[in-house]
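Structure assessment
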Amino acid sequence: MLKKLNIQGFYRFFFTAVFIFILIQFPFHNFESIFYDLWIKVTPKSKPALSFSLIGLDESNDQILGEYYPYSYATHLKFIKKIIDDEPAAIIYLVNFEEPSVEEDNIYYEEFAEFIEQYKNRGGVFRFGTGLDLWGEQVPPEALKRLEYSPALIHVDGESFSKDGIHRKAILNISGEDSLHLWLSNKIKEKNNLESIPANETWGAYYSNDADAVFANYRHKLKFVGESKTVETLPFYKVLSGNFPPKHFSKKIVIIGPNYLSNVDDFALTPFDRDRKVPKLLVHSSIVNSLYRGKTLFKIPEFITHILTLLLALALSLVISKYNPARGLLISLIVLAGILILAFFLFAFGGMWLKIAHLLLSVFIVVYVWFPLKAMSEYQTRFAIEEESKILKKVENLKQNFISLMSHDLKTPVAKIQGIADILNLKLKDDEPKKLVGDITASTKELNSFITSILDLTKIESSNLKLNFQSIDINKIIEDAVYGLEFERSSKEIIVNKELSPLYPIKVDEKLIHRVIANIVENAIKYTPEKSSIDIKTEDDENWVYIFITDNGPGIPQEDVEHIFDKFYRVKNDDSHKIKGSGLGLYLVKYFVELHEGTIGVESEVGVGTTFKIKLRNE
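Owing to the predicted nature of the structure, the values given are computational and were not obtained by experimental measurement. (Residues numbered from 1 in each chain as written. Predicted model: local features only at pLDDT ≥ 70, side-chain atom pairs only at ≥ 80, totals over all residues. Heavy atoms only, no water.)

Glancing now at the overall build of the protein. Counting its regular elements, the protein contains 19 helices and 23 strands. When each of the 619 residues of the protein is scored for burial, the buried share is 44%. Taking contacts inside the protein between residues at least 6 apart in sequence as the whole, the part at least 24 apart equals 74%. For the protein, the computed accessible surface area is about 33,800 Å², with 57% contributed by carbon and sulfur atoms. (Helix = DSSP H or I, 4+ residues; strand = E, 2+ residues; numbered from the N terminus. Buried < 20%, exposed > 50% of the residue type's maximum accessible area, 1.4 Å probe, protein only. Contact = heavy atoms within 4.5 Å. Areas by Shrake-Rupley, 256 points an atom, 1.4 Å probe, with all protein chains shown as cover.)

As structure tokens, then:
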């Protein structure tokens, strides 16, 4: 195969490999993020396995309650009692509590902590979620610490990946402590008798030295609050006042946290809309649900993507080098579509994230490197073919002109010879000289017929043959053709039987159709034994006029039947060598018939005879 590749091809492969090597040095994170977000959007929706109730603290609650975030402990004690009475699956508090600011609230502070601790002792699931600020982790006040807490951080791509501030991955463990999301997911699994999964064993989990944390991308279909039957949102004041149906929170995970429109930190951007933020309460629920369902993503290592990119570029280069630019472009488009489809199916159904920026760009690099050179090569080849075609056309015209001139020039001496022979035939008295002169006359007729055939062939190939249509009775043409062959017929004592049905005149070129009939009848006379017969029959219908010419000669072998209308073709047998001919007669016959939009066919059986069937339009 190396021998077939020229040095130009090696240059192309070399430069393709160099471009690919340069390409993989750039991460193209922004490009990758576009496809990541697209896959998230088009991944088929799946029903969340867990039911959530999100309760937000916002400006409307402040106004109705006459309090400010994070509200008094008395208010939260009354609130938590309403929730716990419904026996929820878990209660998650994302409220950043502070030490009581007034003495009277201190009583409710202690009672609030005691009430939740009793709830946990009865088997209830409760956890505080903490955030981070400039001073570190925002841990609960001292009395609430015993109720336990976990970091509840929402990671955004602000300093890594595409740096666009969009939330795409969850924190599973930070500084050796499981996140609230992983803790809650495993806690619910334990309650449902399912196996909990540690952070480092989660599908697609990876450790980051810079953050000292374990991360995992996830692919759950985030939904805006109110768009899902399994994720609902309620105002804090409604729950506080008991304005909800009995057992409304039963077996639901209740997440309580701030949802202030004035605070951008309470919202996050997601892949679903790069401009529209959603409440972080919803993001928390989505992460927990994804971890519970195992809907995390395994990032295929980049070195594998780089190897695939190089192999794809070289393979596509080899394929494109074998085809013309149009087909090469089609193949390139198919490859692009294949990459996108493969990446989507791996993402949506296999839980694997294949970065495709390098793969897609490698296709464009191959097109950029190969197509101009391939197009130039194709153009040079096409130009050479066109030039060669022009030369061949000139040569063909010269040949046609030469044959035409030679044929015309030959006709003059042949006519003179035939004229002299006719004069000699009248003057000579002895039989032997008259016989020799007769041979001269016969030979000149054969030569003249051959020259006429060559002239017709020249006209056909130069497209100079013009038809002279006129209405005429086909039977008359047949009568004239048979009469013109009277000498040949009588010499072999052959009987011509004519069964000519009455026909309406049709439009034909009389001269050409006369030659068609004469050629077939003459061949029948040549090949039919002496004292035999030839049958000519005509008939018609609404669409066609039919002419049948049948002889009882030696017949034509089946392997020769399909070739008898070919140019210069003659049946090879002992009889054909004795009978002179140019091999152009039937070729011209077929051409003349087809000029009239007719058809000609032949049926023959060796030792029985041959029948030619001609169909001409009846119009």
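The strand order β18-β20-β21-β23-β22 describes an open sheet built from 5 strands, whose pairing is mixed. Both outer strands of the open sheet, β18 (495-500) and β22 (599-605), are each paired with one neighbouring strand and no more. Neighbour-to-neighbour, the strand axes of the sheet open up by a mean angle of 15 degrees, direction not taken into account. Pairing of β22 with strand β23 (residues 609-617), which is carried by 7 bridges, proceeds in the antiparallel orientation. The residue of β23 that forms the bridge with Val602 is Phe612. Packing of helix α14 (residues 474-484) onto the sheet brings it into contact with β18, β20 (533-540), β21 (544-551) and β23, and relative to β18 it is tilted by some 175 degrees. (Pairing = 2+ DSSP bridges. Axes fitted to C-alpha atoms, helices over the stretch in contact; angles between N-to-C directions.)

Let us now look at a nonpolar patch on the surface. On the surface, a nonpolar cluster with roughly 850 Å² of combined accessible area is contributed by Phe14, Phe15, Val18, Phe19, Phe21, Ile22, Phe26 and Tyr368. Top element by residues in the nonpolar patch is helix α1 (residues 7-23). It accounts for 6 residues. Inspection of the secondary structure assignment puts Phe14 in helix α1. (Patch = residues over 30% accessible without salt bridge, like charges linked within 9 Å, V, L, I, M, F, W, Y side chains within 5 Å. Salt bridge = Lys/Arg side-chain N within 4 Å of Asp/Glu carboxyl O.)

Orientation of helix α16 (residues 510-527) relative to helix α19 (residues 585-595), taken along the N-to-C sense of each, is 145 degrees, at an axis distance of 9 Å. Relative to α19, the crossing made by α16 is left-handed. Counting all contacts with α16, which are made through Leu512, Arg515, Val516, Asn519, Ile520 and Asn523, the residues of α19 involved are Gly585, Leu586, Leu588, Val589, Phe592, Val593 and Leu595. For the contact of α16 with α19, the residue count by class is 9 nonpolar, 3 polar and 1 charged. (Left-handed = near helix turned anticlockwise from the far one by under 90°. Nonpolar A, V, L, I, M, F, W, Y, C, P; charged D, E, K, R; others polar.)

This part takes up the nonpolar core. Core analysis: the largest hydrophobic core is formed by 42 residues, its most contacted members being Ile474, Ile517, Ile614 and Leu616. Listing elements by their share of this core, those giving two or more residues are α14, β19 (506-509), α16, β20, β21, α19, β22 and β23. In terms of residue count, α16 provides more of this core than any other element does, 9 residues in total. Beyond its immediate sequence surroundings of up to four residues, Leu616 is in contact with Ile474, Ile506, Val508, Ile513, Asn543, Trp544, Val545, Ile547, Val593 and His596. (Core = buried A, V, L, I, M, F, W, Y, C linked by side-chain atoms within 4.5 Å.)

Along the chain, Tyr69 connects to Pro70 via a cis peptide bond; the corresponding omega equals 10 degrees. Examined against the element boundaries, Pro70 turns out to sit in the loop between α3 (59-65) and α4 (73-84). With a phi close to 75 degrees, Tyr71 is a non-glycine residue in the positive phi region. Secondary-structure assignment places Tyr71 in the loop between α3 and α4. Here Lys163, not a glycine, exhibits a phi torsion of approximately 55 degrees, which is positive. Among the secondary structure elements, Lys163 is positioned in the loop between β6 (149-151) and β7 (169-174).

It is worth spelling out the side chain of Ser185 at this point. Take Ser185: it is sitting in helix α7 (residues 180-191). By relative accessible area, which is 1% here, Ser185 ends up buried. In this view, Ser185 contacts Val288, Leu291 and Tyr292; residues no more than four positions away in its chain are not counted.

You can see Gln558 is positioned in helix α17 (residues 558-561). A C-alpha to C-alpha distance of 7.6 Å links Gln558 and Ser604, two positions 46 residues apart in sequence. Looking at Gln558, its side chain comes within polar contact range of the main-chain oxygen of Ser604, at 3.0 Å. (Polar contact = N/O pair within 3.5 Å; in protein donor to acceptor, adjacent residues only side chain to side chain.)

Judged by pairing direction, the sheet is parallel, and its 6 strands sit side by side in the order β6-β3-β2-β12-β1-β11 without closing on themselves. Each edge of the open sheet carries a strand with a single partner, namely β6 and β11 (231-235). Mean inter-strand twist for the sheet, computed between neighbouring axes without regard to direction, equals 25 degrees. Sheet topology places strand β1 (residues 52-57) next to strand β12 (residues 253-258); 6 bridges connect them, and they run parallel. Bridge pairing in β12 links Phe52 to Ile253.

What follows concerns the packing of α14 against α16. Two elements in contact, α14 and α16, have axes whose closest approach is 9 Å; the angle formed by their N-to-C orientations is 55 degrees. Accordingly, the angle class assigned to the pair α14 and α16 is oblique. Like other packed secondary-structure pairs, α14 and α16 cross with a definite hand, here right-handed. Each of Ile474, Lys476, Ile477, Ile478, Asp480 and Ala481 in α14 lies in contact with α16, whose residues at this interface are Glu510, Ile513, His514, Ile517 and Ala518. Per-class residue counts for the contact of α14 with α16 are 7 nonpolar, 1 polar and 3 charged. (Parallel < 35°, antiparallel > 145°, perpendicular 65-115°, else oblique.)

So, on to the packing of aromatic side chains. Taken as a whole and judged by the stated rule, the model has 28 aromatic pairs. Residues Trp39 and Phe344 carry aromatic rings whose centres are separated by 5.8 Å and whose planes lie at 55 degrees to one another, so their mutual orientation is tilted. Of the two residues, Trp39 sits in helix α2 (residues 29-42) while Phe344 sits in helix α11 (residues 325-350), which places them 305 residues apart along the sequence. Pair check on accessibility: Trp39 and Phe344 agree, each one buried. Here Tyr93 and Phe97 contribute two aromatic rings whose centre-to-centre distance is 5.5 Å and whose plane-to-plane angle is 40 degrees, an arrangement assigned as tilted. Each member of the pair Tyr93 and Phe97 is classed as buried. Aromatic ring contacts, followed pair by pair, group Tyr73, Tyr93, Phe97, Tyr109, Phe112, Phe126 and Phe128 into a single cluster. (Phe/Tyr/Trp six-rings, centres within 6.5 Å; stacked < 30°, edge-to-face > 60°.)

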